[in-house]
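What the coordinates show
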There are 2 protein chains.
Amino acid sequence: MPQFLSTTDPDFETRFAAVLTMKREDSPDVDDIVAGIIADVRARGDAAVLELTAKFDRLDLTPETMRFSDDEIAGYCAQVSPADKAALELAAERIRAYHVRQMPDNALWTDPDGATLGWRWSAVSAAGLYVPGGVASYPSSVLMNAIPAKVAGVPRLCITVPTPDGVVNPLVLMAARIAGVDEIYRIGGAQAIAALAYGTKTIPPVDKITGPGNAFVAAAKRRVFGKVGIDMIAGPSEILVIADKHNDPDWIAVDLLSQAEHDESAQAILITDDAKFAQSVTAAVEKRLETLERRKIAGKSWEEFGVVITTRDLDEAARLSDRFAPEHLELCVEDPDALSAKVTHAGAIFLGAFTPEAIGDYVGGPNHVLPTARSARFSSGLSVLDFLKRTTLAKMSPAALAAIGPAAVRLATSESLEAHGLSVQARLDRLNEGGNE
Amino acid sequence: MPQFLSTTDPDFETRFAAVLTMKREDSPDVDDIVAGIIADVRARGDAAVLELTAKFDRLDLTPETMRFSDDEIAGYCAQVSPADKAALELAAERIRAYHVRQMPDNALWTDPDGATLGWRWSAVSAAGLYVPGGVASYPSSVLMNAIPAKVAGVPRLCITVPTPDGVVNPLVLMAARIAGVDEIYRIGGAQAIAALAYGTKTIPPVDKITGPGNAFVAAAKRRVFGKVGIDMIAGPSEILVIADKHNDPDWIAVDLLSQAEHDESAQAILITDDAKFAQSVTAAVEKRLETLERRKIAGKSWEEFGVVITTRDLDEAARLSDRFAPEHLELCVEDPDALSAKVTHAGAIFLGAFTPEAIGDYVGGPNHVLPTARSARFSSGLSVLDFLKRTTLAKMSPAALAAIGPAAVRLATSESLEAHGLSVQARLDRLNEGGNE
């Protein structure tokens, strides 16, 4: 059974605080192993990657076969059913349409002092996307990572996806092709992250690495951070549903289970202002769990980490949600827009009973790579900005330097940085001589 | 002497590659010590912070005196000269005017399928800025960190600044007051980072920590990352100046020295298309070094890490600069705008001979917290975005769900995520019954 809390319980604050700090993930400490793998790939390049792939994926590759050829990709893509292909294309189109709107503007202006200021955005030169192998090899994640990169204008975009025992997921290759990925390597684990970050003879290095992975991949991403950029280190997924009594309990139940089925460490939370409705949803979850394919995973997540909270009203529900700062927030209430306006901290909000979170996982348009473990308090989901960087621009006219330069000299002096001041003063002296005005 | 390279040298590529991978920083490994400090502050809160402050800063505080009172701040601010105060105010005003323009827009639209999509930005609830104590206690950095946070709308902004032996820099408090900082604590080191991240009885926790610091502070920021957001971990500063022969060699010399004087690990690079001009600048650097207050630091940096490169033309200079991806790039050439358009990777560009980099350190307007160590390939300087996060919004009309829901079900099925598909299908079934259309 999940935990049941009510804001009218005398011990509510204590129990809610415990929910907020609940530890759901016990990452094995693989940091030493990963450090060794990275050092090996840096030292021996392709040879190390090939050996590690043989060892972990039971797959013998050569530098020539490390990368999927165009013919191979075409061959695998031909195995994808027209209906699956159409679904991927619809998803890709909607994701692209959403992310195109995120492209930020450059700016350049001249202020009253005569200083021309601004900034411009540019894409990273090369990005690498990590795609897990095996059961968690999700074509939807390929779209969600690759499309923002291509919208941002990344000229070289490559994927690494392990193919243990040589088993390939054709949908992953199809998603990559639809998204415009340039290179696909059949390698994985920490060795793939090391190859992307430092490069090998076969794999040129990239500047940014994104995408989910297991504990080895996460540890490797942490270690190469600084040498390259990385996206977030994602934890297990979570959903918080705020629902009033006017909902079909079964809809809310499957919504909760759609997070719970991801992972035994996933978390599904229901907040409602109606205690009876809470019971109905709980019963509906139990019923669905009887037949659900992934009932073992979903059941364990629901039992260990599921939480049902009854509040006095929906405003109280919004305040609790903000303290949780959920990755996914569903607002299944009569006026979801009004309630949404009361929420500040959430990765993504799904408004109204006809917007199940799973729509956002695939075809909604917004990105499904979102901040977990309360990090929506300070971070955002993946976007085109993750593949862009900003260069600031400043150009002083002689008049502008004359106007603001003396303040710079003053501050440099106060910070005992003499050369800073001299670099400005040398110009001011010339201007005072009248030589360049 | 700095290194001299010419692109016409037969071994240029080898030597330039060595410059790119030059290791300038040997951070002591303080990670174990820092882990202990963080654990101690988590366990014992204020008591641990006070003990560590007594030990490292030789300063006995109580929970009551950990924070500067308003009266104390006013007292220290009264010690600041009117000229210094005016310079700080001019700087603050210009930094604010620049960063206000960075505020991103919210968006909300309805697409042809009937899906209402968008996003909205919100500020983190609380941010903490670390300000180093002692010689590197720069009031300009207080402005550069605090103003973007306040422009972003951070309601609670606090500073930690150590005051070893009780020595306070009045300019830091004045800068904090001008920038609108809400709380100032006289603590520092890893214990300050731990207190900001986890909170103590006296210091409520924050959601985001920014600001520079020594090896202990950097290690602590790495460790609390995930619990809170952090800005970049900055390395030693660097400047790359592209200058043609029409410049005053002395101006370029002081510009190079204004980076070199920061730190023995700082790096100053000159690229010019004129070998004779390169010699003139080098001679001017030597001359300035004879009298410069910080000649020991600047001289060591120039000798160990200074590089002078002669190119065939300015286009070649721009290409080399892009491979370096400098933190600061000065373009002292006849047409700096044209050359700037050929540059992709740089933290900040300073255009024309009247824009010495030091202007940007203080009063230009753009932020002086910039990506070092070639990380401008994939990251940006500090901005209001560092204190904001984005929540994505999605709302499906029944018609929108009917249009795109089947594709979501198809993809969920292909990923073996049954509950994901069921959560959409349950709604589609109702729509097919005609019950909610």
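Computed from a predicted structure; not experimentally measured.

Structurally, A:Ala412 can be placed in helix α16 (residues 398–414). C-alpha separation for the pair A:Ala412 and A:Val424, spaced 12 residues apart in sequence, amounts to 9.6 Å. Leaving out residues up to four positions away in the same chain, A:Ala412 has contacts with A:Leu417, A:His420, A:Gly421 and B:Tyr362.

The subject of this paragraph is the interface of chain B and chain A. Of the residues lining the interface, 117 residues belong to chain B; the matching set on chain A comes to 117 residues. Summed over both partners, the interface of chain B with chain A buries about 10,300 Å², with 57% contributed by carbon and sulfur atoms. Linking chain B with chain A are 14 salt bridges, by the criterion used here. Between B:Asp84 and A:Arg410 there is a salt bridge, with its nearest N and O atoms 2.7 Å apart. Remark: the boundary between chain B and chain A carries 68 residue pairs in polar contact (both at pLDDT 80 or more). The pairing of strand β13 (residues 348–351) of chain A with strand β14 (residues 388–396) of chain B spans three bridges and is parallel. In the strand pairing of β14(B), A:Ala348 is matched with B:Thr392.

Once that is clear, we can look at the UniProt feature "binding site: Zn(2+)" (unreviewed entry) in chain A. Under the present numbering, the feature "binding site: Zn(2+)" (unreviewed entry) in UniProt falls on A:Gln259, A:His262, A:Asp361 and A:His420. The greatest C-alpha distance among the residues just named is 55.4 Å, and with 162 residues of sequence between them they are spread in space as well. Of the annotated positions mentioned, A:Asp361 line the largest cavity. The topology assignment puts A:Gln259 in helix α10 (residues 249–260). Not counting chain neighbours up to four residues away, the residues in contact with A:Gln259 comprise A:Ser237, A:Glu238, A:Ile239, A:Ala266, A:Gln267, A:His328, A:Glu357 and A:Asp361. When you line up the elements, A:Asp361 lands in helix α15 (residues 357–362). Not counting chain neighbours up to four residues away, the residues in contact with A:Asp361 comprise A:Ser140, A:Met144, A:Gln259, A:His328, A:His368 and B:His420.

A separate point is the layout of surface pockets. One simple way to see leftover space: roll a probe sized like a water molecule over the atoms. Roughly 450 Å³ of internal volume is contained in the second largest pocket. In terms of lining, the second largest pocket is formed by 23 residues, of which the most central are A:Met103, A:Pro104, A:Asp105, B:Pro104 and B:Asp105. Elements represented by at least two residues in the lining of the second largest pocket include exactly β3 (115–123) of chain A together with β3 (115–123) of chain B. Per-class residue counts for the lining of the second largest pocket are 13 nonpolar, four polar and six charged.

This part is about the relation of the copies chain B and chain A. Superposing chain B onto chain A takes a rotation of 180° plus a shift of 0.0 Å along the axis, which leaves an RMSD of 0.0 Å. Those values place the two copies in the arrangement expected of a two-fold rotation axis. Nearest to the rotation axis, the C-alpha of B:Pro104 is located 4.1 Å from it, this being the minimum over chain B. Of the interface residues in chain B, 100% have counterparts in chain A that sit at the interface too, so the contact is made through matching surfaces.

The subject of this paragraph is the UniProt feature "binding site: substrate" (unreviewed entry) in chain A. All names here are of chain A. Residues given the UniProt feature "binding site: substrate" (unreviewed entry) here are Ser237, Gln259, His262, His328, Asp361, Glu415 and His420. The greatest C-alpha distance among the residues just named is 55.4 Å, and with 184 residues of sequence between them they are spread in space as well. Lining the largest cavity, out of the annotated residues just given, are His328 and Asp361. According to the relative accessible area criterion, Ser237 is buried, its value standing at 14%. With residues near it in sequence (within four places) discarded, Ser237 still touches Arg24, Gln259, His262, Ala266, Gln267, Glu327 and His328. Position of His328 among the secondary structure elements: in strand β12 (residues 328–332). The exposure class of His328 is buried, given its relative accessible area of 2%. Excluding residues within four positions of it along the chain, His328 makes contact with Ser237, Glu238, Ile239, Leu240, Gln259, Ala348, Phe350, Glu357, Asp361 and Leu370.

A word on the pairing of strand β10 (residues 267–272) of chain A. Residue and element names in this part refer to chain A. Among the six residues of β10, six are classified as buried, and the element is accordingly described as predominantly covered. Of the pairings in the sheet, the one linking strand β9 (residues 238–243) to β10 comprises six bridges and is parallel in character. Each bridged residue has a counterpart across the sheet, and for Ala243 the counterpart in β10 is Thr272. In this view, the connection linking β9 to its parallel neighbour β10 by way of α10 has right-handed handedness. Relative to strand β11 (residues 307–310), β10 runs parallel, the two sharing four bridges. Following the sheet pairing, Thr272 is matched in β11 by Thr310.

Backbone hydrogen bonds hold the strands of a sheet together, and the pairing may be parallel or antiparallel. Read from one edge of the open sheet, nine strands run β1(A)-β11(A)-β10(A)-β9(A)-β12(A)-β13(A)-β14(B)-β3(B)-β2(B), paired in mixed fashion. Pairing within the sheet leaves two strands with one partner each, and these edge strands are β1 (3–6) of chain A together with β2 (107–110) of chain B. This sheet shows a mean twist of 15° between the axes of neighbouring strands, independent of strand direction. This element, helix α1 (residues 12–20) of chain A, spans β1, β10 and β11 of chain A of the sheet and lies at about 135° to β1(A). Those strands touched by α10(A) are β9, β10 and β12 of chain A, and its axis lies near 165° from that of β9(A).

A word on the pattern of salt bridges. For the coordinates displayed, the defined rule picks out 46 salt bridges over all chains. Note that A:Lys150 and A:Asp182 form a salt bridge whose closest N and O atoms lie 2.9 Å from each other. Taken as a pair, A:Lys150 in helix α6 (residues 139–152) and A:Asp182 in the loop between α7 (170–179) and β6 (183–185) lie far apart in primary sequence, 32 residues in all. B:Arg377 is paired through a salt bridge with A:Asp207; the nearest N and O atoms lie 2.5 Å apart.

Considering all chains together, one arrives at three cavities of 30 Å³ or more under this definition. Size it by volume and the largest cavity reaches roughly 70 Å³. Considering the residues around the largest cavity, the lining is formed by 14 residues, among which A:Ala348, A:Phe350, A:Gly360, A:Pro366 and A:Asn367 are closest to the centre. Secondary structure elements with two or more residues in the lining of the largest cavity: β13 and α15 of chain A together with β14 of chain B. A breakdown of the residues in the lining of the largest cavity according to their chemical character gives seven nonpolar, five polar and two charged.

Residues and elements named next belong to chain A. Spanning 12 residues, helix α3 (residues 46–57) covers 15 Å between terminal C-alpha atoms, matching the ideal 16 Å at 1.5 Å per step. Inspection of α3 places Asp46, Ala48, Val49, Leu50, Leu52, Thr53 and Asp57 among the buried residues, and these make up the whole buried set. The inward-facing, buried residues of α3 contact α2 (31–44) and α8 (189–198).

The subject of this paragraph is helix α6 (residues 139–152) of chain B. All names here are of chain B. An ideal rise of 1.5 Å per residue puts 20 Å on 14 residues; α6 measures up with 20 Å between its terminal C-alpha atoms. With respect to burial, α6 is a largely interior element, 13 of its 14 residues being buried. Two residues or fewer after α6 comes Gly153, characterised by a positive phi angle close to 100°.

Residue and element names in this part refer to chain A. For chain A, the assigned domains are domain 1 (3–24 + 235–365), domain 2 (31–101 + 123–230) and domain 3 (397–433). Each of domain 1 and domain 2 was reduced to a C-alpha centroid, and the two centroids are 33 Å apart. Taken residue by residue, the interface counts eight residues in domain 1 and nine residues in domain 2. For the pairing of domain 1 and domain 2, the buried interface totals around 620 Å² over both sides, and the portion due to carbon and sulfur atoms is 53%. Considering only the side of domain 1, the residues that lose the most area to domain 2 are Tyr362, Val363 and Gly365, jointly responsible for 68% of the buried surface there. At the junction of domain 1 with domain 2, the criterion picks out zero salt bridges. There are two residue pairs in polar contact (both at pLDDT 80 or more) connecting domain 1 and domain 2.

Calculation notes
Residues numbered from 1 in each chain as written. Chains lettered and ligands numbered in written order. Predicted model: local features only at pLDDT ≥ 70, side-chain atom pairs only at ≥ 80, totals over all residues. Heavy atoms only, no water. Helix = DSSP H or I, 4+ residues; strand = E, 2+ residues; numbered from the N terminus. Contact = heavy atoms within 4.5 Å. Buried area = accessible area lost by both parts, 1.4 Å probe. Salt bridge = Lys/Arg side-chain N within 4 Å of Asp/Glu carboxyl O. Polar contact = N/O pair within 3.5 Å; in protein donor to acceptor, adjacent residues only side chain to side chain. Pairing = 2+ DSSP bridges. UniProt positions renumbered as here; feature names shortened; annotations may be inferred. 1 Å grid on protein atoms, 1.4 Å probe; cavity = no way out; pocket = protein on both sides within 12 Å on 5 of 7 lines; lining within 4 Å. Points joined across faces, edges and corners; volume = space filled by probe spheres on them. Nonpolar A, V, L, I, M, F, W, Y, C, P; charged D, E, K, R; others polar. Least-squares fit on C-alpha atoms with pLDDT ≥ 70 in both. Buried < 20%, exposed > 50% of the residue type's maximum accessible area, 1.4 Å probe, protein only. Right-handed = clockwise from strand over helix to strand, strands pointing away. Axes fitted to C-alpha atoms, helices over the stretch in contact; angles between N-to-C directions. Expected span 1.5 Å × (residues − 1). Domains from an automatic or database assignment.

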